[in-house]
Amino acid sequence: MHPKDISIDNYSYHLPEEKIAKYPLEERDNSKLLVYKNDTIEVSNYKNLANFLPENTLLVFNNTKVVEARLLFEKSTGSIIEIFCLEPHEQYPDITIAMLQKQRVIWKCLVGGAKKWKDSILVKHIKHQDFSIQLSAKIIEKKTDFFLIELSWDNTEVTFAELLHVAGIIPLPPYLQRATEEKDKETYQTIYAKHDGSVAAPTAGLHFTKSLFTNLGTKNIHPLYITLHVGAGTFKPVKAATMQEHEMHAEFIDVNKFAIEQLIINANNKIVATGTTSVRTIESLYWMGVKLRYKVEGEGLEVNGEGWKLEGGGFTIEELSIKQWDAYELPQNISKQVALQTLLDWMNETKVERIVCKTQIIIAPGYRLKVADGLITNFHQPQSTLLLLIAAIVGDNWKKIYDYALDNNFRFLSYGDGSLLWK
């Protein structure tokens, strides 16, 4: 069956409210860890993760940083309008550049209380250290799923990222059904978060501590950091009868040459993705290589012992962006070494140091992992694309895994426990 024909109704289960973790554990790596391998289940906790990974495993982490994307504006009447910053306008080549803008930026946003927004401009006064900032918001255009908002401020030195850190609120997942608290600024962020841009945390990484990284290092298990900026679409429910009618959310990835080189060097070792965003990123890199190889092959490039060598012909980074069904419609028989080497060769020939583009890849039953050998991940919502990704890795045994977790007091969703799943 092609994933287009999948009915999301077949990927549902009953998740009682009391199973959803509203808060994290005090010690991150005390969270329980379900290990699934060869049709068997074992239970431990994250502190013991190194016991379940072979030596020389490459652990891939998403080092995106959650930004305080919710901005609250109070009107003179006392009513509150919330602007939820989703992603930058297309005029910015990537999120990083948009975050570094000063004085003015255009953003795609959700607006809470939009019917109350009758004034042309909303104003918010912010006190920051020894000075104040006036932040203004203006609707440029109302789209079907979002508003295009111009945000401007009267300080020439403050970047948009800094402004959000001062004026915004961390956007907790809606299913937690509670207000953001001061401690969430720390707990809803991985300890290795680096690049501003996400509106949701890559939650599998929330379990990792400095001591856990130290334990992994003693077994020669090393981290590799890539970036995928998580959008609000990660919580988008599947409402379509079949997946063909569901539009997968697109997200920015940012991966440098070193990361691709390390994936090639470790091709014969185990590669384990920490989080669904990490696996979507490295699998997208594979398909970019396939796309590039497929195109250059058609342009008459020659093969040598080192893989494809670019002799000419144009190919832009934008063309490398992965669409929803690319992974099912491109050639399937190219090894990860060849695909990734093709991508690296293209980067070297075109002097591109970083791949920065969007991926819309959907990983669902019928998909076979090309780069990753396993996945560390939390327990996900029923009828979600994330659950489809789990089913792609472990097949129908996802039901067995989730039933076991429900019956054995595992904590679910963002602040919950997790699992190590081997393909």
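Residues numbered from 1 in each chain as written. Predicted model: local features only at pLDDT ≥ 70, side-chain atom pairs only at ≥ 80, totals over all residues. Heavy atoms only, no water.

(A) Main features of the side chain of S136. The residue S136 is located in strand β9 (residues 131–142) in this model. For S136, the residues in contact, after removing those within four places along its chain, are I121, L122, V123, E150, L151 and S152. (Helix = DSSP H or I, 4+ residues; strand = E, 2+ residues; numbered from the N terminus. Contact = heavy atoms within 4.5 Å.)

(B) Seen up close, the packing of aromatic side chains. Counted under the stated rule, the structure contains 24 aromatic pairs. Centroid distance Y192 to Y225: 5.5 Å. Interplanar angle 45 degrees. Geometry classified as tilted. Residue Y192 is found in the loop between α3 (184–187) and β11 (195–198), and its partner Y225 is found in strand β12 (residues 222–228); the two are separated by 33 residues along the sequence. Residue Y192 is classed as buried on the basis of its relative accessible area, which comes to 11%. Taking the relative accessible area as the measure of exposure, Y225 reaches 33% and is therefore partly exposed. Members of the aromatic cluster, joined through ring pairs, are Y11, Y13, F379, W398, Y402, F410 and F412. Looking at K37, its charged tip hangs above the ring of W422, at a distance of 5.4 Å from the centre. R178 extends its terminal NZ or CZ atom over the ring of Y23, reaching a point 3.9 Å from the ring centre. (Phe/Tyr/Trp six-rings, centres within 6.5 Å; stacked < 30°, edge-to-face > 60°. Buried < 20%, exposed > 50% of the residue type's maximum accessible area, 1.4 Å probe, protein only. Lys NZ or Arg CZ within 6 Å of the ring centre and 35° of its normal.)

(C) Seen up close, the nonpolar core. By size, the foremost hydrophobic cluster in this structure holds 88 residues, and its most contacted members are I260, L263 and F412. Every residue in contact with F412, bar those within four places of it in the chain, is listed here: Y13, L15, K19, I20, A21, F379, Y402, A405 and L406. Residues M99, W107, L151 and A161 belong to the second largest nonpolar core, which totals 36 residues. (Core = buried A, V, L, I, M, F, W, Y, C linked by side-chain atoms within 4.5 Å.)

(D) Summary view of the sheet that holds strand β18 (residues 374–378). Here nine strands make up an open sheet; going across it, the order is β2-β1-β19-β18-β14-β3-β12-β13-β17 and the pairing mixed. Two strands close off the open sheet at either side, each with one partner strand: β2 (40–45) and β17 (354–359). Pairwise comparison of adjacent strand axes, ignoring direction, gives a mean angle of 25 degrees for this sheet. Both β12 and strand β13 (residues 251–256) contribute to a ladder of two bridges, which runs antiparallel. In the sheet register, L228 faces β13, and the bridge partner there is I253. Helix α10 (residues 385–394) contacts β1 (32–37), β18 and β19 (418–422) of the sheet and is inclined by roughly 40 degrees relative to β19. (Pairing = 2+ DSSP bridges. Axes fitted to C-alpha atoms, helices over the stretch in contact; angles between N-to-C directions.)

(E) Inspection of the pattern of salt bridges at higher detail. Counted according to the given criterion, the structure contains 20 salt bridges. The shortest N-O distance in the salt bridge between K143 and E141 comes to 3.2 Å. A relative accessible area of 34% means that K143 is categorised as partly exposed. Linking D254 and R354 is a salt bridge whose minimum nitrogen-to-oxygen distance equals 2.4 Å. Linking D254 in strand β13 with R354 in strand β17, this pair joins segments that are 100 residues apart in sequence. On the basis of relative accessibility, which here comes to 15%, the residue D254 falls in the buried class. When salt bridges that share partners are traced, they join E87, E90, K108 and K358 into one network. (Salt bridge = Lys/Arg side-chain N within 4 Å of Asp/Glu carboxyl O.)

(F) Geometry of the sheet that holds strand β7 (residues 104–112). If you walk across this open sheet you meet the six strands as β5-β6-β7-β10-β9-β8, and the pairing is antiparallel. Each edge of the sheet is formed by a strand with only one pairing partner; in this case those strands are β5 (70–74) and β8 (121–128). On average, adjacent strands in this sheet sit at an angle of 35 degrees to one another, irrespective of strand direction. Here helix α2 (residues 160–167) sits on the sheet and contacts β5, β6 (80–88), β7, β8, β9 and β10 (147–153); the angle it forms with β8, its principal contact strand, is near 80 degrees.

(G) Expanded view of the environment of H2. Examined against the element boundaries, H2 turns out to sit in the segment before β1. H2 sits in the partly exposed class, given a relative accessible area of 28%. Spatially, the C-alpha atom of H2 lies 17 Å from that of N333, the residues being 331 residues apart in sequence. Apart from the residues lying within four places of it in its own chain, the contact partners of H2 are W325 and Y328.

(H) Broad picture of the layout of surface pockets. The calculated volume of the largest pocket comes to roughly 1000 Å³. Around the largest pocket, the lining is made up of 35 residues, and of these L86, L110, G231, A232 and G233 lie nearest the centre. Among the secondary structure elements, those contributing two or more residues to the lining of the largest pocket are β6, β7 and β13. Ranked by residues supplied to the lining of the largest pocket, first place goes to β6 with four residues. (1 Å grid on protein atoms, 1.4 Å probe; cavity = no way out; pocket = protein on both sides within 12 Å on 5 of 7 lines; lining within 4 Å. Points joined across faces, edges and corners; volume = space filled by probe spheres on them.)

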